[in-house]
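What the coordinates show
What follows is the residue order along each chain.
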Amino acid sequence: MKIYLLLFVFAIIFIHCQSERSIKHPNSPPNIIFIMTDDHSYQTLSAYDDRFIQTPNLDRIAHEGAIFRNSFVSNSICAPSRAVMLTGKHSHMNGHINNTLTFDGSQPTFPKYLQKAGYQTALIGKWHLKSLPTGFDHFEVLRGQGDYYNTPFITKDDTIPSEGYVTDVITNKSLDWLTDRDTSRPFCLLVHHKATHRVWMPPLKYLDSLENHEFDYPETLFDNYVGREAAAAQKMSIDKDMDLVYDLKMLDEEGEIKTKYREMYERGRIKNLNEEERKIWDDHFKPIIEEFKQAKRAGADLVKWKYQRYMRDYIRCLMSVDDNIGRLLDYLDQNNLSENTLVVYTSDQGFYMGEHGWFDKRFMYEESMRTPLLMRYPAIIKPKSEITELVQNIDYAPTFLDLAGVPIPNDMQGLSLVPLLKGENSLPGRDALYYHYYEFPNEHMVKRHYGIRTDRYKLIHFYNDIDDWEFYDLKEDPQEMHNLIDDSNYENTIDSLKSELEKLRIHYKDDSDDIAEIKK
Ligand code: SGN
Ligand code: CA
């Protein structure tokens, strides 16, 4: 009897140690699922802001893990942001400063380091870096921006067609890869969605959703850009640059609504819909087009109408993103993978939902410099963790390597966020963020600029064809409407920020010629 009792006690101790180990000190490196959307604003993720949409599945990642309240990018544009995440280095160091370049895939990236450490690596979805992906055992990527419907995928050997709505297809492919993987090794899977990129083509099943819903207007929808020269010069306004046909789908049969991008929408964007899909699409938009033609809106009325249409399509795309993230999370639960998998959710940058009258991104202003960031990894992250330190997309690569037990290379410029995930509330070596945007002249005409953001202030220098400084006190002016660069009350603060900015440029080794030129 005694021996049975002893065995029972040992068994209890053994089970306890095992569960301790698998929860607190996992003895195998975690799997990583890195989900990224394109142009998803934190304003439309309900864990951040629930004015516009409920995103229960995304919120689940935040509730079961951590939400980063101050998460930013270093260059708010797609391909550069992706290059930063892959390399852990600012744009000037990895060379991919704008969307027009071809990524140098021979350089080290986190998937390559993980691969060397024994991880299986895969990438499904948007890539946008032009050269073929390197560092992945498996990839299926969209051509350039890809399309919303029936879009082809590039694989190692071929280009293959797909059927259906892109967010569903990317998720299906991701689940297939997870199912077929080698279960004896850890994995790192990048699920990179096309949604919610322009031109915001919703899935058919959500076409009618929210049709009668009126979204609240942002306070700055009719911004006049006083004191902000670069903001006044952009071409990304809902009023002037959002195309009625291309962006808002007002393609009338009679051809009376003539716009700059009518052809591009007709022969480009909706060309991929099959006959059946096209019928549902047209049936939905026809009455809206008729009403629009009858109403003859103009001025502020028209801007408001455009805003509502834009929001509806954008949110509908997002509803499908949220559903599909739910499918992925359910798969992890059903396959016993949730405990030992780091799930990361982010976007390649933020987006304007009508703030300052805009769509698109690029500027160092809050809506586009910020990006959503959620992480779940039950082994070390307590549920409902709120992380308020300043973090940036340069930090993802070192974080993944750190969690995988791979030494962080000295030339990576980001910091591991693991201490924050474990509940520490400071990130040594991080007092401020550095930002640098280069894509000018180009679509949307956002001028080149670089700057510094602390937890309270922001200083921006627009250069190249202008030389204009902007300074914001984010506590007093969170919407960045008042450029206080000439306000004598802030003279000392601005001076010290200028010198901090210089230090950051030296620290991150950014001595780009353009900046030097304008400073002479
Ligand atoms: C396309 C879009 C732009 C967008 C860029 C960059 N035009 O060129 O509106 O700013 O992508 O977006 S579109 O007519 O092709 O939709 S990014 O997210 O890829 O950087
Ligand atoms: Ca983007």
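One can find the structure itself at the top, above this paragraph.
First, a word on scope: everything that follows refers to the structure included in this document. Just so it is clear, the model here is predicted, and its values are computed rather than measured.

Digging into the nonpolar core
Most often, soluble globular proteins have nonpolar side chains that are buried together. Membership of the largest hydrophobic core comes to 120 residues, with the highest contact counts inside it found for Phe110 and Tyr310. Looking at which element gives the most residues to this core, the answer is helix 10 (residues 299-334), with 16 residues. Built from parts of two domains, this core gets at least three residues from each of domain 1 (26-200 + 317-426) and domain 2 (207-310). Sequence-distant contacts of Tyr310, that is, excluding residues within four places in its chain, are made with Trp200, Ile238, Met242, Leu248, Phe351, Tyr352, Met353, Gly354 and Phe359. Listed in part, the 23 residues of the second largest apolar core include Tyr435, Val446, Ile460 and Phe462.

Considering the environment of Lys116
Mapping Lys116 onto the fold places it in helix 5 (residues 110-116). Residues Lys116 and Val406, 290 residues apart in the sequence, show an inter-C-alpha distance of 9.4 Å.

Structural notes on helix 8 (residues 262-269)
Taken together, the buried positions of helix 8 are Arg262, Tyr265 and Gly268. Packing partners of the buried residues in helix 8 comprise helix 9 (275-295).

Overview of the pattern of salt bridges
Enumeration over the complete set of coordinates arrives at 45 salt bridges. For Lys293, the salt bridge identified is with Glu254, shortest N-O distance 2.8 Å. Note that Lys293 is positioned in helix 9 and Glu254 in the loop between helix 7 (229-233) and helix 8, a separation of 39 residues in sequence. On the accessibility criterion, Lys293 (16% relative accessible area) is buried. Between Asp465 and Lys447 there is a salt bridge; the shortest N-O distance is 3.1 Å. Here Lys447 lies in the loop between strand 13 (433-437) and strand 14 (449-453) and Asp465 lies in the loop between strand 15 (457-462) and strand 16 (468-473), a separation of 18 residues in the sequence. The structure contains a network of salt bridges with shared partners spanning Asp39, Asp360, Lys361, Arg362 and Glu439.

What counts and how
- Residues numbered from 1 in each chain as written.
- Chains lettered and ligands numbered in written order.
- Predicted model: local features only at pLDDT ≥ 70, side-chain atom pairs only at ≥ 80, totals over all residues.
- Heavy atoms only, no water.
- Core = buried A, V, L, I, M, F, W, Y, C linked by side-chain atoms within 4.5 Å.
- Buried < 20%, exposed > 50% of the residue type's maximum accessible area, 1.4 Å probe, protein only.
- Helix = DSSP H or I, 4+ residues; strand = E, 2+ residues; numbered from the N terminus.
- Domains from an automatic or database assignment.
- Contact = heavy atoms within 4.5 Å.
- Salt bridge = Lys/Arg side-chain N within 4 Å of Asp/Glu carboxyl O.

Taken by themselves, the reported measurements are silent on function.
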